[in-house]
Amino acid sequence: MADHKRIDEVTGTHTSGHEWDGIEELDTPMPRWWLWSLYATIVWGIVYVILYPAWPMIHGATEGVLGWSSRGQLEQEMQADAARRAPVMNAIAATSIADLPAKPELMQAAVQGGAAAFRVHCVQCHGAGGAGVKKLYPSLTDDDWLWGGDLATIEYTITHGIRNPDHKATRTSQMPAFGRDGILEPTQIADVVSFVRTISHQEKRSASSARGAVLFEANCAVCHGSTGNGGREVGAPKLNDAIWLYGGDRASITATVTQPRNGVMPRWNSRLDPGTIKMLAAYVYSLGGGEKAPAPALAAAAAEGPGADGQP
Amino acid sequence: MASPDDLTGEHGSLYAARKGVYPKKVDGPFRRFKWAIMAVTLAIYYGTPWIRWDRGPHAPDQAVLVDLANRRFYMFQIEIWPHEFYYVAGLLIMAGIGLFLVTSAVGRAWCGYACPQTVWTDLFQHVDRLIDGDRNAQIRLANAPWTAEKIVKRTLKYAVYLTVAFWTGGAWIMYFADAPTLTHDFWTGQAAPVAYVTVAVLTATTFVLGGFLREQVCIYMCPWPRIQTAMMDEKSLLVTYKDWRGEPRASVKKAEKNPGAFGDCVDCNQCVAVCPTGIDIREGPQIGCITCALCIDACDSVMAQVGRPRGLIDYCTLDDAATEKAGGVAPPIRKTLFRPRTLLYFGLWGAIGLAMLFTLGQRTRLDLAVQHERSPLYVQLSDGAIRNNYTLKLRNMELRPRMIEVTLSGLPGARLWTDGGARETARQSLRMSLAPDRVTSARLFIVAPGAGPARQEFMIAVRALDDDPRGDSETIQFDRPGTEP
Ligand code: SF4
Ligand code: SF4
């Protein structure tokens, strides 16, 4: 092939000697500015290596004379962002949670900030969007609240957590393990389950549920109320509605009565500042199940002061 | 490091310095047409941002404005929102088909007349002629040593280049903000940094591309010539040197001595001298030819001088060239312009244009977008009812506040409420006020009886409660237990 190099008559240019089916390739010179562009990129590269971190070493890279680093830049941007958000954050921190809804813009900012904090700290148990996990962690989007669903109550729950053994102000209550501890016989438990399923309209009245009613009044009504209306002072769930945290079928209720779960939630005042907790409360409240009126439970707890364990 | 000239292979230098192009002044119908196009395109480019258009109190009064901050595009009476970007897509498709249409009919007309690179190169070449003189004077000056005169002329020329380039860059930013305000801010140092950067970049690129790189952009950098080659066929118009009529070439004197032995070309090189890309059209069709037809003007005036018919260089299709070569007569030009291919392109182009105009006329300025929240898909309520949550995006694209009503249909027993409401306040429909020219976003809670299909389609509709009740609706799902994947 190399033998076919020649000068093309039409253009006066050398051919490269390559030929495909009679089509030859011209060896047209590149424009010179093109070469200069290449040199310019080389110069650019050298300057860049001098100015910025570039050369990988065993421990990190060369530093570059500008002292720039992506980590440093991130730090700066984070600081700038914190400064930008400071006015709103301060305003939220200075407003009592009950007054937030009266300031729609602040409330909106709090809900957005709370959504971000929720994604970091809460979704592990309560799920994205606060949907909860069936038979494990309660949904935060429905209208059924163990301890109350108004803003201040939610804030209190997040702050102090539930059943934290080493924290005085935490919310505490304990359902006895009726089966494990032998308080009720298995047949008696079956009767109580029949009664509970009757008041939640899952079963018809029966002899078993009639017997269960008596047992319920003696053992359960003190927390759950005679009609199964629940008791928020002690976080006792409503038993006559459609929502069952640990399942509403016979087997699930039997398991709960035999060996209750007594679920635990961490207190967040050891890890989050009050402003963030306030925003979290606002976000949870906004999920659609928030209640307007403060729960009587909170009023009672507040009257007794922090540390009231709420045990009957 | 070796200098570029030392990078020699066995065939000579690998890199070639640019050969100067000093196009000669020419006059003729095509040159005058090119002047006209240049005047119109430049006037549009520099002038458009200064046209005012009254839209009332809530909107800017600039006729053509790309408002990036508020994400609006204004073009006279038309206002485009980001979600209506398909209009821009439609325009791009029209531009694409338009290019097919123009190229298949009249070849590289875009390159020759309307391309910004062509227009600004032409402008800068005109500056060359004003300051350095015509072709010969320019060549003389380029080869002359650096005398005081040359330094003065060069300084003056580059100053004019820079002024034009700056003006060009400056006009660009006027499309993105209120032009009078921006001009004031720009000169008082109050404009956004991005404005200064944009002007600087565009000034630099105009200066370099229009002042120096010129035809090299067309030949080495631009993809259009390659694409256009594929879009043309043997019926597309090209600037063609009719070698069957011109060859062999001879001067007028030589031809007089030997009548009948020579063609019409008098080898005066005028066609080469006027060419803005510095090519010789007599070597046949080539990628460097932008079909600006200046060589036609030049050759026609030569033919007139020597008393031969015009059109030795002329617009001509490959088919016509074959016909004429064989001694036939080319069909009239309308046969070239109106043939199935161009008519089809035109039909497509026009149909898309009409469709866009039609939808522009029909579009409502109250728009609804609903998103079903997925986590959770539904919420079980304590009384057995089921709640689904939605995010509503309500666009009030009119420049007045509006009162609207949101209603449901197809979901029996359903009630709805929105942010700030609660289930106690739920109704079958709700009213909201929308701020002018804004997107309002709201969460919509819908509660429906627990008994029903696991997945049920229903409709959310909005309508305005004023003189223009046109609204929008969307069909979306309501989920109940049993729909989990
Ligand atoms: S050859 Fe003629 S038509 Fe082509 S670019 Fe040159 S002057 Fe223009
Ligand atoms: S201008 Fe016309 S006559 Fe003169 S060299 Fe070109 S083709 Fe020949």
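All values reported here derive from a predicted model rather than from experimental measurement.

Attention shifts here to the interface of chain A and chain B. Listed by partner, the interface residues are 29 residues for chain A and 32 residues for chain B. When chain A packs against chain B, the two sides together hide about 2500 Å² of surface, and 57% of this comes from carbon and sulfur. Summed over the shared surface of chain A and chain B, the result is zero salt bridges. If you look at where chain A meets chain B, you find 10 residue pairs in polar contact (both at pLDDT 80 or more). Secondary-structure elements contributing two or more residues to the side of chain A that touches chain B are β3 (30-31) and α1 (32-51) of chain A. Sorting elements by how many residues they give to the side of chain A that touches chain B places α1 of chain A first, with six residues. Inspection of the sheet shows β3 of chain A paired to strand β3 (residues 15-16) of chain B by two bridges, in the parallel sense. Each bridged residue has a counterpart across the sheet, and for M30 of chain A the counterpart in β3 of chain B is Y15 of chain B.

What follows covers the pattern of salt bridges. Residue and element names in this part refer to chain B. Per the stated rule, a full pass over the model turns up 46 salt bridges over all chains. Measuring nitrogen to oxygen at the nearest pair gives 2.8 Å for the salt bridge that ties R282 to D267. Of the two residues, R282 is situated in the loop between α13 (270-274) and α14 (294-306) and D267 in the loop between α12 (252-257) and α13; the sequence distance between them amounts to 15 residues. The salt bridge partner of R402 is D466, with a shortest N-O separation of 2.8 Å.

All names here are of chain A. Judged by side-chain polarity, M30, W34, L38, I42, I46, I50, V65, L66 and W68 come together as a nonpolar surface patch covering roughly 840 Å² of accessible area. Broken down by element, the nonpolar patch gets its largest block of residues, five residues, from α1. Take W68: it is sitting in the loop between α1 and α2 (70-94).

Turning our attention to the packing of aromatic side chains. Residues and elements named next belong to chain B. Following the criterion strictly, the structure yields 32 aromatic pairs over all chains and no others. Ring geometry for Y45 and W120: centres 5.5 Å apart, planes at 90°, overall edge-to-face. Remark: W120 occurs in helix α4 (residues 116-132) and Y45 occurs in helix α1 (residues 29-47); sequence separation between them is 75 residues. Judged by its relative accessible area of 12%, W120 falls in the buried class. Seen in terms of ring centroids, F186 and Y196 are 4.7 Å apart; in terms of plane orientation they differ by 25°. Their pairing is stacked. Of this pair, F186 sits in helix α7 (residues 179-187) while Y196 is found in helix α8 (residues 193-213), placing the two residues 10 residues apart along the sequence. Overall, the relative accessible area of 12% leaves F186 in the buried class.

Residue and element names in this part refer to chain B. Counted at 1.5 Å a residue, the expected span for helix α2 (residues 86-106) with its 21 residues is 30 Å, and the 29 Å between its end C-alpha atoms agrees. Of the residues making up α2, those classed as buried are Y87, G90, M94, I97, G98, L99, L101, T103, S104 and A105. The inward-facing, buried residues of α2 contact β6 (78-80), α10 (224-231), α16 (333-337) and α17 (340-362). G107 lies just past α2 and shows a positive phi near 65°.

It is worth spelling out the site of ligand 2 at this point. Residues and elements named next belong to chain B. Around ligand 2 there are 13 residues in total, and C265, C268, N269, C271 and C299 lie nearest to it. Looking at the shell around ligand 2, the elements that each hand over two or more residues are α13 and α14. The class makeup of the residues in the shell around ligand 2 is nine nonpolar, two polar and two charged.

Let's shift gears to the side chain of R55 of chain B. Residue and element names in this part refer to chain B. Tracing the backbone shows R55 in the loop between α1 and β4 (64-67). There is no salt bridge for the buried R55, and the closest opposite charge comes from E79, which lies 6.0 Å off by N-O distance. One polar contact links the side chain of R55 to the main-chain carbonyl oxygen of P60, over a distance of 2.8 Å. Not counting chain neighbours up to four residues away, the residues in contact with R55 comprise P60, D61, Q62, A63, Y74, M75, F76 and L399.

All names here are of chain B. Reading across the sheet, the four strands line up as β14-β12-β16-β17 and stay open at both edges, with antiparallel pairing between neighbours. Edge positions in the sheet fall to β14 (429-434) and β17 (472-479), since each of these pairs with one other strand and no more. Pairwise comparison of adjacent strand axes, ignoring direction, gives a mean angle of 25° for this sheet. As paired elements, strand β16 (residues 455-464) and β17 share eight bridges and run antiparallel to each other. The partner of V462 across the bridge, within β17, is D472.

The subject of this paragraph is the nonpolar core. For soluble globular proteins, the rule of thumb is that nonpolar side chains tend to be buried together. All names here are of chain A. Core analysis: the largest hydrophobic core is formed by 30 residues, its most contacted members being L100, F118, I154, I158 and L280. Elements supplying a minimum of two residues to this core: α3 (104-121), α5 (151-160) and α10 (274-286). The element contributing the most residues to this core is α10, with eight residues. Sequence-distant contacts of L280, that is, excluding residues within four places in its chain, are made with G114, A117, F118, C122, I158 and L272.

Analysis parameters
Residues numbered from 1 in each chain as written. Chains lettered and ligands numbered in written order. Predicted model: local features only at pLDDT ≥ 70, side-chain atom pairs only at ≥ 80, totals over all residues. Heavy atoms only, no water. Contact = heavy atoms within 4.5 Å. Buried area = accessible area lost by both parts, 1.4 Å probe. Salt bridge = Lys/Arg side-chain N within 4 Å of Asp/Glu carboxyl O. Polar contact = N/O pair within 3.5 Å; in protein donor to acceptor, adjacent residues only side chain to side chain. Helix = DSSP H or I, 4+ residues; strand = E, 2+ residues; numbered from the N terminus. Pairing = 2+ DSSP bridges. Patch = residues over 30% accessible without salt bridge, like charges linked within 9 Å, V, L, I, M, F, W, Y side chains within 5 Å. Areas by Shrake-Rupley, 256 points an atom, 1.4 Å probe, with all protein chains shown as cover. Phe/Tyr/Trp six-rings, centres within 6.5 Å; stacked < 30°, edge-to-face > 60°. Buried < 20%, exposed > 50% of the residue type's maximum accessible area, 1.4 Å probe, protein only. Expected span 1.5 Å × (residues − 1). Near = heavy atom within 4 Å. Nonpolar A, V, L, I, M, F, W, Y, C, P; charged D, E, K, R; others polar. Lys, Arg positive; Asp, Glu negative; His and termini not counted. Axes fitted to C-alpha atoms, helices over the stretch in contact; angles between N-to-C directions. Core = buried A, V, L, I, M, F, W, Y, C linked by side-chain atoms within 4.5 Å.

Nothing here speaks to function; it is all geometry.
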